[in-house]
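Inside the fold
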Amino acid sequence: MTAEARLGQVANYVDERTGAAAWMKKNLQKVFPDHWSFLLGEVALYSFIILLLSGTFLTFWFDPSQREVIYEGSYAPLEGIKMSAAYASTLHISFEVRGGLLMRQIHHWAALIFMAAIVAHLMRVFFTGAFRKPREGNWIIGVGLLTLGIVEGFLGYSLPDDLLSGTGIRIAEAIIQAIPVVGSYLAYFAFGGAFPGEAFIPRIYTVHVLLLPGAFLALITAHLMLVWYQKHTQYPGPGRTEKNVVGYPLMPVYMAKAGGFFFIVFGVIAFLSAVASINPIWLYGPYTPGQISAGSQPDWYMGWLDGLVRMAPPLESHYFGYTVSWNILIPGLIVPGILFTGMALYPFIESWITGDKREHHLLDRPRNAPNRTALGAMSITFMIVALINGGNDLIATHFDLSINQIMWGTRFGIFILPPIAFVVTKRLCLSLQRADRELVLHGRETGRLLRLPHGEFVEVHEPISPEKAYLLTSHEQAPALELPEVDGRGVKRAGAIRNKIRSRMSVAHSEAIPKVSADDLKEIEH
Amino acid sequence: MSNEIEAIKDPGLPAHVHRKADHDPVAAKRAERQVAILFGISALGTLLLIFSYSFIPDDVFIFIPVMGEQNAHQLGLGLGMAISLFFIGMGAIHWAKTLMPDQEVIAHRHEFRSPDSDRKEFVQAVKDGAGAAGLGRRSLIKRSLGAALGLSALSPILLLRDLGPLPGNELEKTTWKAGTHLVTDPGNRRIKASDLEVGAVAQVLPEIEDPEHRHLSDIAKDAVLLIRLRPDEFNLDADRLAMTHEGIIAFSKICSHMGCAVALYEQQTKHLLCPCHQSTFDVTRAAKVIFGPAARPLPQLDITVDGEGYLVARNPFSEPVGPSFWERDSR
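Criteria and cut-off values
- Residues numbered from 1 in each chain as written.
- Chains lettered and ligands numbered in written order.
- Predicted model: local features only at pLDDT ≥ 70, side-chain atom pairs only at ≥ 80, totals over all residues.
- Heavy atoms only, no water.
- Helix = DSSP H or I, 4+ residues; strand = E, 2+ residues; numbered from the N terminus.
- Expected span 1.5 Å × (residues − 1).
- Buried < 20%, exposed > 50% of the residue type's maximum accessible area, 1.4 Å probe, protein only.
- Contact = heavy atoms within 4.5 Å.
- Buried area = accessible area lost by both parts, 1.4 Å probe.
- Salt bridge = Lys/Arg side-chain N within 4 Å of Asp/Glu carboxyl O.
- Nonpolar A, V, L, I, M, F, W, Y, C, P; charged D, E, K, R; others polar.
- Pairing = 2+ DSSP bridges.
- Domains from an automatic or database assignment.
- Core = buried A, V, L, I, M, F, W, Y, C linked by side-chain atoms within 4.5 Å.
- Disulfide = S-S within 2.5 Å.
- Polar contact = N/O pair within 3.5 Å; in protein donor to acceptor, adjacent residues only side chain to side chain.
- Phe/Tyr/Trp six-rings, centres within 6.5 Å; stacked < 30°, edge-to-face > 60°.

1. A few points about helix H2 (residues 25-55) of chain B
Residue and element names in this part refer to chain B.
- In a regular helix each residue adds 1.5 Å, so 31 residues correspond to 45 Å; H2 covers 44 Å between its end C-alpha atoms and thus fits that length.
- Here H2 has its buried residues at Ala27, Ala28, Ala31, Val35, Leu38, Ser42, Gly45 and Ser52.
- If you follow the buried residues of H2, they end up packed against helix H1 (20-23) and helix H3 (72-98).

In C-alpha cells form, the structure reads like this:
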C-alpha cells in the first residue's frame, strides 16, 4: 500500500469517529500568504515551544528554595560557600548534569529570542497597519503577550538566585515599596516579610512555571485562532485585493515550511547555546544584599526600564510625614504604564483620527502611512535612548566615555530625539512617495547615456512593468476629515475643541504625495 | 474618496514560472537526493550528540580558532543538537520549495459583518433576552448583584493576606544599637581604627551572637561601609563630624535609591557610586547626592571606640536605611 493510501485510511478513520471531514477539508486547503516578515511571529511561537521543552528539563533538577546550603559540588571556586539551594541546584545543572548547561543556555537564548521576535513581529504589524479592523482585538492580545513576556523573563532570570539576579529582585522590591500608601505592605506580602526572606523564589517559581505559561498558552491559542479565523493579511500587489488571500495551501506546502522552520529556529538556538555563553551564574556568586558586581545589567527587554530609572531626576516629595518617590514611580510605573496603554489603544486612536471603520486585509507599505511610520520611529527612538542609558556603565567603560555625560545626553535626548525622529521619518516617507511617483511617471533610470544630435546628454529611462506600476499606485489616499467647529449660524458647537484636535490630527495623518493615476500616464504619453 | 480619478489597472497575478524540477525528472531526482542528504546530515548531528554525551569527558578542552579554549563535551553536545535539528528543517523546507507545488492559489475572503437580517435578529435576540430577564426594569436585582460580585472579589484578596506579616516599623529598624561592635564582613572580627589605613574602605556588619547564622534580611539593612580619610578632608558640620572617628566615617551601604549595595568607591574623588543606577555620593560631604537618581544621602552611622579601642556604634541609625517607602517620614 502506498503512503498516500495509508494516510487516506487514517483520514477515513478519523472522520468516521468525529465527522470532521468537511471542516478538515476546508482547513487543510487554507491559504497562507508568503512573506519573510510573516515569519517573525512564527519565530516567537517556536521559541515559546522551545522554552516549554527546555524549561521542563530544567525543573527536573532545579530546587526553588532559599534554604541555606553549603556548596559541595564540582565547581571548585565556590566550594564550601554558603548559598541558597536554588543557586546550588543551578550550579548542579550547569556542572554535573550532562547537557544541563546546554539546556540552561537554550532556555535563556530562547527567552531572549522569544522577546526579540515578539518585538520585531509587533513592529511588522504596526508599520504595515495589520492591527486595523478587524484585528484590533488580536493586537491587544499581542500587547498582553509582550507584557507577560517581560514579566516572565524577569522572573526566569531571577530564579537562580545569583548575585546579579538577586540585585534585580532588590530593585523590583524597591519599586513595589515605592507604591504610595500600600507599598511597604505589598512588599512584605510578596516577600513573606523583610527582603529577601525565604519565600520569594519558591513563589515566583510557581508563577514562572505554572501561572504565566498557562496564561501564555491561553493567549497564544486565542491569538492563533483569530489569525486562522480572520485569515492572514497580505501585502499589496497585482492580483491581491481586500477580498482575497493569495498564497500556499496549508497541506502540504505550509505544513512542510512551518514545520521545517520550527526545526531551523530550534537548531539556531541550539547553535547559539553551544558556542555563545550566556548568564554564567557561577561567575557571579550567590546573592547577598551587601555585595554587588560592577556593570549590573538586566536582560535587554528590561534594559529600557532600567535606563529610564537611571536617568530619572532625584525627585522625592515629603508631604505631611509621607514620602512619594517620584524618581522611582515615574520611570518605573507611570511612564511604562502610559506607553503600554497607548500601544494597546493605538488601533482605536488611529481609527478615531482617520474616521475609517472599514475592514483592512491588505497591508500598507510603511511609506504610504507617513504619520504612523513616523510615530513608530519616534517610539523606537525613545526606547533606544532609554536602552542606551540602561547600559550606560558598560558603554562608558567600553568606549572610554564619561558616564555622567551619557546620562545627561540621554536625559535631554529622551525628549529631543524622538520628535526629531518623527519629523525625519515623515519627510523620508514623503520623499519615498515622491520617488515612487517619479518612477511610475518617468520609468526607471537605465544608466545608459545618450548624446543628442545637438550635443546634449540625456539618460535613457525605461518604463516600469505594469505590475510594479500597479504596486506603487494601488494604495488608498484618503482625504482628511473635515469636522465642523461651528454650526450653521456661526456658533461654536459642543465638542468644538475635540473636533479641532481630531481635524488637525487627521490632516497630519493624511499628508501624502498624490499618487499617479491612469490619467496622469495618458497625459504624459501625448 | 479618490475614486473620481481613474487608478492604474490591476494587471492580475503574474504568470506562474515553472521550476526545473516540475518538468525535468532528472532535476526532480536531484532535488530528492539533496533533501535526503540534508536529512542525512541531521542524522550525523544526532550521532555527534550521542558520542559527546557518552564518550567525551566533561573536563576535556579543545582549542577552536576565534573562540579559544572550549569545553569539548559541551561543544559536542550543542553542535550535535544544533546540526540534528537545523538540517531536519533545511530538508523539509528544501523539499517544500523544490518538489511541492509552488503555484500560488487564491482563496476568497468575506466581510466579517453578517447580513443585515441576521444582525437585526441577533440584536433583537440580545434585547429580548435582556428584557426577559428584566435587566432594564429590575434595578434592585442589578444593583444587589453588582454589590455581591464586587464584595466576592474581596475574598481572594483577603485570602492572600497571610502571604506575609505586616511591616510594622521593621523597615525603620536595623540591628545597630548604641555600643554594637563593628565586625568585618567576611570574618566577623572586631576592628580597631588602626586596622584601617587612610584611603581604605571596609565593609562591616554589627556584631551578633551567632554570626554563622546571620539572616540575609538583616544584612540587607545592616551593611555598613567604613571609609577612612584624613580628618581635614571632610567638609562636614560639627554634628556630622562628631559622628566620625579619627577620620573614619561610616555610611549605610544600602543605596537610598533602590537598595543596591553601594560598593564602588573612587579613592581619588572620594565618591561612592552605586553600580545599579549610578547614584553618586560625596563621602566628604556626608554622602550628599551629587549625581544620579537617588534623592537622599546615605544614612550615616555614629561611631566611636570602646575602652579597648574597638570601633562601636555610638547610636543606632537616626533614619531608616535603604529605599524610600510611603510611611518613611511618619515616625
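Having seen it, we continue.
2. Let's talk about the interface of chain B and chain A
- Each partner contributes to the interface: chain B provides 89 residues, whereas chain A provides 116 residues.
- Contact with chain A buries surface across chain B, with B:Ile8, B:Arg109 and B:Trp326 losing the most and accounting together for 12% of the total.
- Here B:Glu212 ties to A:Lys82 by a salt bridge, and the two come within 4.0 Å at their closest N and O atoms.
- For the side of chain B that touches chain A, the elements supplying multiple residues, two or more each, are H2, H3, strand S3 (105-108) and helix H7 (216-222) of chain B.
- No other element matches the 17 residues that H3(B) contributes to the side of chain B that touches chain A.
- Of the residues in the side of chain B that touches chain A, the class split is 51 nonpolar, 20 polar and 18 charged.
- The pairing of strand S4 (residues 244-249) of chain A with S3(B) spans 4 bridges and is classified as antiparallel. Residue A:Val245 lies in a different strand from S3(B), and its bridge partner there is B:Ala107.

3. Some points on the domain arrangement of chain A
Residue and element names in this part refer to chain A.
- Split by domain assignment, chain A resolves into domain 1 (29-286 + 294-302) and domain 2 (365-526).
- Centre-to-centre, using C-alpha coordinates, domain 1 lies 35 Å away from domain 2.
- On the side of domain 2, 16 residues touch domain 1, which itself brings 15 residues to the contact.
- Roughly 1200 Å² is buried in total at the junction of domain 1 and domain 2, and carbon and sulfur atoms are behind 69% of that figure.
- Counting the contacts that link domain 1 with domain 2 gives 0 salt bridges.

4. Some details on the nonpolar core
- Grouped together as the largest cluster of nonpolar side chains are 93 residues, with contacts concentrated most on A:Ile50, A:Ile106, A:Phe114, A:Trp139, A:Ile269 and B:Met81.
- With 16 residues, helix H5 (residues 100-127) of chain A is the single largest residue contributor to this core.
- If we skip the residues at most four places from it in the chain, A:Phe114 touches A:Ala44, A:Ser47, A:Phe48, A:Leu51, A:Gly149 and A:Phe216.

5. A short note on the state of the cysteines
All names here are of chain B.
- Going through the model one piece at a time under the given rule, you end up with 1 disulfide over all chains.
- Sulfur-sulfur distance for the disulfide between Cys260 and Cys276 comes to 2.1 Å. Between Cys260 and Cys276, the disulfide has an S-S torsion of -90° and is therefore left-handed. Of this pair, Cys260 sits in the loop between strand S7 (248-252) and strand S8 (264-266) while Cys276 sits in the loop between strand S9 (271-273) and strand S10 (280-282), placing them 16 residues apart in sequence.
- Exposure remark for Cys276: the relative accessible area of 2% places this residue in the buried category.
- Looking at the unpaired Cys255, the closest cysteine sulfur is the one in Cys274, lying at 3.9 Å.

6. Focus on the side chain of B:Lys270
Residues and elements named next belong to chain B.
- Mapped onto the secondary structure, Lys270 falls in the loop between S8 and S9.
- For Lys270, a relative accessible area of 15% corresponds to the buried category.
- Within polar-contact distance, the side chain of Lys270 engages the side chain of Glu233 at 3.4 Å.

7. What about the sheet that holds strand S12 (residues 300-301) of chain B?
Residue and element names in this part refer to chain B.
- Sheet architecture is open: 5 strands sit in the order S4-S5-S6-S7-S12, paired in antiparallel fashion. The sheet is open, and its two edges are formed by strand S4 (182-184) and S12, each paired on a single side.
- The pairing of S4 with strand S5 (residues 201-206) spans 3 bridges and is classified as antiparallel. Looking at S5, one finds that Val183 is bridged to Leu205.

8. What to know about the packing of aromatic side chains
Residue and element names in this part refer to chain A.
- A full pass over the atoms with the stated rule returns 32 aromatic pairs over all chains.
- Between Tyr75 and Phe95 the ring centres are 4.8 Å apart and the planes differ by 5°, which places this aromatic pair in the stacked class. Taken together, the positions of Tyr75 in the loop between strand S2 (68-70) and strand S3 (82-84) and Phe95 in helix H4 (residues 85-95) put the pair 20 residues apart, joining distant regions of the chain.
- Given a relative accessible area of 16%, Tyr75 falls into the buried group.
- On the basis of relative accessible area, Phe95 is assigned to the partly exposed category, the value being 24%.
- Between Phe154 and Tyr157, the aromatic rings sit 5.6 Å apart at their centres with planes inclined by 80°, giving edge-to-face as the arrangement.

9. Some thoughts on the side chain of A:Ser184
- Mapped onto the elements, A:Ser184 comes out in helix H8 (residues 183-191).
- A residue is classified by how much of its surface remains accessible, and A:Ser184, at 1% relative accessible area, is buried.
- Other than its neighbours up to four places away in sequence, A:Ser184 contacts A:Gln177, B:Pro167, B:Leu171, B:Phe325 and B:Glu327.

10. Section: the environment of A:Thr18
- Among the structural elements, A:Thr18 can be located in helix H1 (residues 3-18).
- A C-alpha to C-alpha distance of 48 Å links A:Thr18 and A:Ala190, two positions 172 residues apart in sequence.

11. Some remarks on the domain arrangement of chain B
- Taken domain by domain, chain B comprises domain 1 (5-163) and domain 2 (170-313).
- Summarising the inter-unit geometry, the C-alpha centres of domain 1 of chain B and domain 2 of chain B are found 55 Å apart.

12. Points about the pattern of salt bridges
- The tally for this structure, following the rule as stated, stands at 33 salt bridges over all chains.
- Its salt-bridge partner being B:Arg296, residue A:Glu316 comes within 3.0 Å of it at the nearest N-O pair. Here the residue A:Glu316 occupies a position in the loop between helix H12 (300-311) and strand S5 (317-319), and B:Arg296 occupies one in the loop between strand S11 (288-291) and S12, the pair thus bridging two chains. Here A:Glu316 and B:Arg296 have matching classes, each one buried.
- A salt bridge links A:Arg444 to A:Glu462; its shortest N-O distance comes to 2.8 Å. Taken as a pair, A:Arg444 in strand S7 (residues 444-451) and A:Glu462 in strand S8 (residues 457-462) lie far apart in primary sequence, 18 residues in all.
- Accessibility expressed as a relative area gives 40% for A:Arg444, which makes it partly exposed.
- Among the residues examined, A:Glu462 registers a relative accessible area of 32% and is labelled partly exposed.
- Among the ionic contacts, a cluster of salt bridges with common partners joins A:Arg132, A:Glu350, A:Asp364 and A:Arg372.

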